Amino acid sequence: MAKSTPPPPGRSSTHPLHGNEKAYQALDHKAKEITRVNNGFQYLYSAARFLPRLIGTFIDYDTLLTRGIVIEVASLSEDQALLDGLQTEADAAREELVFNTWWEVHTCFPLMHDHFPGFKEHIPYLRQKPDLVSQIASFMHAVSNKARSDDAGRLKKRIMELVPDITEKERAYLKEKTRRGFCHTKTGRLLCPIAKLEKFDEDPEEFCREVRDRPKGGIRISSFDWPMCLYDMTTFEADYDPDDDPDNLLPGFLRSELLAYKYIFTGVSTTSTCMRDPAMKTHQGRPSIARAYGFEHVTIFSILYTAVLVRWALNSQYMWNDNDADFKGNLFVRSILTVLIRDSEYMEDLLEWWDQEVFRESGDSRESEDDDSTTFARLLARDKAKRARTAEKGKGTASRE
């Protein structure tokens, strides 16, 4: 059977629209791989699987595509009233600095249309095809959920291997997911909000019981309570000053080793846990997500995607749920983004730190070659000196002759 030759996943297509439109119209998230290949949209399925890892798991694709297209087309319009209206909306959003639908469209839509083949090049055409846009949005939503489900399933099985400071007996007991969360003090502490950690440590069992039983006036874990598992506690304990700046709860946030970014994007073999447990290894010959999609830079949305997965993997819910009692996943993500758009310096430092951790931790080949202290560099220097001496000796012999 002849297979189609789609553009590589993660890169925009340069094909004319009529080729992509046929594939778009055939989109069916329930289709088997053989059907996707025969109908020419396997490459779109692959691209859609990457979307939650790129822009997050709580995206309303219908709103994202519809509003994004309107804004893109309006930027080319001569309708001054429309342009003025969009500018007023933009000014209000930037003044309020609360991550909402406006921010989501303006930050996620460009990432999406750069990634999904054929979309960016033909936005004006798609503006005239609302039914087709709706079909694309539904496809993206369904396939994104499948990809998130796959990532969550893998992490659910392995998350306890990534947890530090835990006995093997505890690790074995907590392999059963329904025993996690606030059913156990180990996972309970990891899910405990950083702002409530002192109260937790006073009586872990009682704290967990209150969260589980939800008595009137008891402890509630809300969407705006950011859990300890997302913090590098060494940094937090060193930099947090409860006397001078008690409300600065950012030190170490989103820098936790438990935030399994490398596990999801570059594979378990790139994590420190693999050194402790060689049994944790990826399938031979299967490229990592980052390699398969040419993903070379961390996005804030990909960090928060892993944060959401980690929090779910540590709670006691057996099946995926966006929410966990008073904790609502989408509000959780938006609360973090609201703080980060107000503190661009912290966000820029965070992204740079993660890029270094994930993609340049060992340095690329050019950086390594420039390091004159490595074995490779020293042997090359030795050989170069030896060749220079030989050449100089040869010149001396020639001059005597």
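Residues numbered from 1 in each chain as written. Predicted model: local features only at pLDDT ≥ 70, side-chain atom pairs only at ≥ 80, totals over all residues. Heavy atoms only, no water.

Caption draft 1: Structural view of the environment of aspartate 372. Considering the arrangement of structural elements, one finds aspartate 372 in the loop between helix H20 (365-370) and helix H21 (375-400). Residues within four places of aspartate 372 in sequence aside, it is in contact with Ala377 and Arg378. (Helix = DSSP H or I, 4+ residues; strand = E, 2+ residues; numbered from the N terminus. Contact = heavy atoms within 4.5 Å.)

Caption draft 2: Local environment of the confidence of the model for the protein. Overall, the prediction assigns the protein a mean pLDDT of 87, with 86% of residues at 70 or greater. Note on residues 1-16: pLDDT under 50 across the span, and 33 contacts to partners over four residues away in sequence or across chains. Within the model, the stretch residues 362-368 combines pLDDT values under 50 with three contacts to residues more than four positions away or in other chains. (pLDDT = per-residue confidence, 0-100.)

Caption draft 3: The packing of helix H8 (residues 130-162) against helix H17 (residues 300-314), seen in detail. Interaxial distance between H8 and H17 falls to 9 Å at its minimum, and their mutual angle equals 55°. Between H8 and H17, the interaxial angle falls into the category oblique. Here the hand of the crossing between H8 and H17 comes out right-handed. Only Tyr305, Leu309, Val310, Trp312, Ala313 and Leu314 of H17 make contact with H8, whose side of the interface consists of Ala147, Arg148, Asp151, Ala152, Leu155, Lys156, Ile159 and Met160. Of the residues in the contact of H8 with H17, the class split is 11 nonpolar, no polar and three charged. (Axes fitted to C-alpha atoms, helices over the stretch in contact; angles between N-to-C directions. Parallel < 35°, antiparallel > 145°, perpendicular 65-115°, else oblique. Left-handed = near helix turned anticlockwise from the far one by under 90°. Nonpolar A, V, L, I, M, F, W, Y, C, P; charged D, E, K, R; others polar.)

Caption draft 4: The arrangement of the environment of histidine 297 in detail. Checked against the element boundaries, histidine 297 lands in the loop between helix H16 (289-292) and H17. For histidine 297, a relative accessible area of 46% corresponds to the partly exposed category. The spatial distance from the C-alpha of histidine 297 to the C-alpha of aspartate 355 is 5.9 Å, given a sequence separation of 58 residues. Once residues lying within four places of it in the same chain are set aside, the contact partners of histidine 297 are Asp355, Phe359 and Arg360. Side chain to side chain, histidine 297 and aspartate 355 meet in a polar contact 3.2 Å long. (Buried < 20%, exposed > 50% of the residue type's maximum accessible area, 1.4 Å probe, protein only. Polar contact = N/O pair within 3.5 Å; in protein donor to acceptor, adjacent residues only side chain to side chain.)

Caption draft 5: Geometry of the pattern of salt bridges. All chains considered together, the criterion is met by 15 salt bridges. Residues arginine 387 and aspartate 383 are paired through a salt bridge, measuring 2.8 Å at the closest nitrogen-oxygen approach. Here arginine 387 and its partner aspartate 383 are both found in helix H21, four residues apart, which amounts to about one turn of the helix. Of the residues examined, aspartate 383 reaches a relative accessible area of 32% and is grouped as partly exposed. Salt bridges here are not isolated pairs; linked through shared partners, they connect Arg53, Asp151 and Arg154. (Salt bridge = Lys/Arg side-chain N within 4 Å of Asp/Glu carboxyl O.)

Caption draft 6: Fine view of helix H18 (residues 329-342). The end-to-end C-alpha separation of H18 is 21 Å, in line with the 20 Å expected for 14 residues at 1.5 Å each. Among the 14 residues in H18, 10 count as buried, and that is most of the element. Of the residues making up H18, those classed as buried are Gly329, Phe332, Val333, Arg334, Ser335, Ile336, Leu337, Thr338, Leu340 and Ile341. Buried residues along H18 sit against helix H6 (101-115), H17, strand E1 (323-324), strand E2 (327-328) and helix H19 (344-359). (Expected span 1.5 Å × (residues − 1).)

Caption draft 7: Examining the packing of aromatic side chains more closely. Counted under the stated rule, the structure contains 21 aromatic pairs. Residues tyrosine 231 and phenylalanine 236 carry aromatic rings whose centres are separated by 5.5 Å and whose planes lie at 75° to one another, so their mutual orientation is edge-to-face. Phenylalanine 236 matches tyrosine 231 in its accessibility class, with the two residues each being buried. Ring-pair connections join several aromatic residues into one group, and the members of that group are Phe50, Tyr261, Phe265, Tyr293, Phe295, Trp353, Trp354 and Phe359. Over the face of the ring belonging to tyrosine 45 we find arginine 36, whose NZ or CZ atom lies 3.6 Å from the ring centre. (Phe/Tyr/Trp six-rings, centres within 6.5 Å; stacked < 30°, edge-to-face > 60°. Lys NZ or Arg CZ within 6 Å of the ring centre and 35° of its normal.)

Caption draft 8: Inspection of H6 at higher detail. Taking 1.5 Å as the rise per residue, H6 with 15 residues should run 21 Å; its terminal C-alpha atoms sit 20 Å apart, in good agreement. Approximately 35° is the largest bend angle found in H6, and it occurs at cysteine 108, with the proline proline 110 only one to four residues beyond. Residues Trp102, Trp103, Glu104, Val105, Cys108, Phe109, Met112, His113 and His115 constitute the buried set of H6. (Bend = angle between axes of the 7 residues up to and from the residue.)

Caption draft 9: Quick peek at the nonpolar core. Phe119 and Leu254 are the most contacted members of the largest nonpolar core, which has 106 residues in total. Once you skip the residues sitting within four places of it in the chain, phenylalanine 119 turns out to touch Tyr24, Leu65, Ile69, Phe109, Met112, His113, Leu126 and Ile136. (Core = buried A, V, L, I, M, F, W, Y, C linked by side-chain atoms within 4.5 Å.)

Caption draft 10: View of a negative patch on the surface. Together, Asp241, Asp243, Asp244, Asp245 and Asp247 make up a region of like negative charge exposed at the surface. Here aspartate 244 is to be found in the loop between helix H13 (233-239) and helix H14 (261-265). (Patch = residues over 30% accessible without salt bridge, like charges linked within 9 Å, V, L, I, M, F, W, Y side chains within 5 Å. Areas by Shrake-Rupley, 256 points an atom, 1.4 Å probe, with all protein chains shown as cover. Lys, Arg positive; Asp, Glu negative; His and termini not counted. Charge placed at Lys NZ, Arg CZ, Asp CG, Glu CD.)

Caption draft 11: The arrangement of unusual backbone geometry in detail. Here the phi dihedral of leucine 97 falls at roughly 55°; this positive angle occurs in a residue that is not glycine. By the element assignment, leucine 97 lies in the loop between helix H5 (80-96) and H6. Look at leucine 97 and you get partly exposed, because its relative accessible area is 24%. Backbone geometry places arginine 214, a non-glycine residue, at a positive phi of 50°. Position of arginine 214 among the secondary structure elements: in the loop between helix H12 (204-213) and H13. When its relative accessible area of 36% is taken as the criterion, arginine 214 is described as partly exposed.

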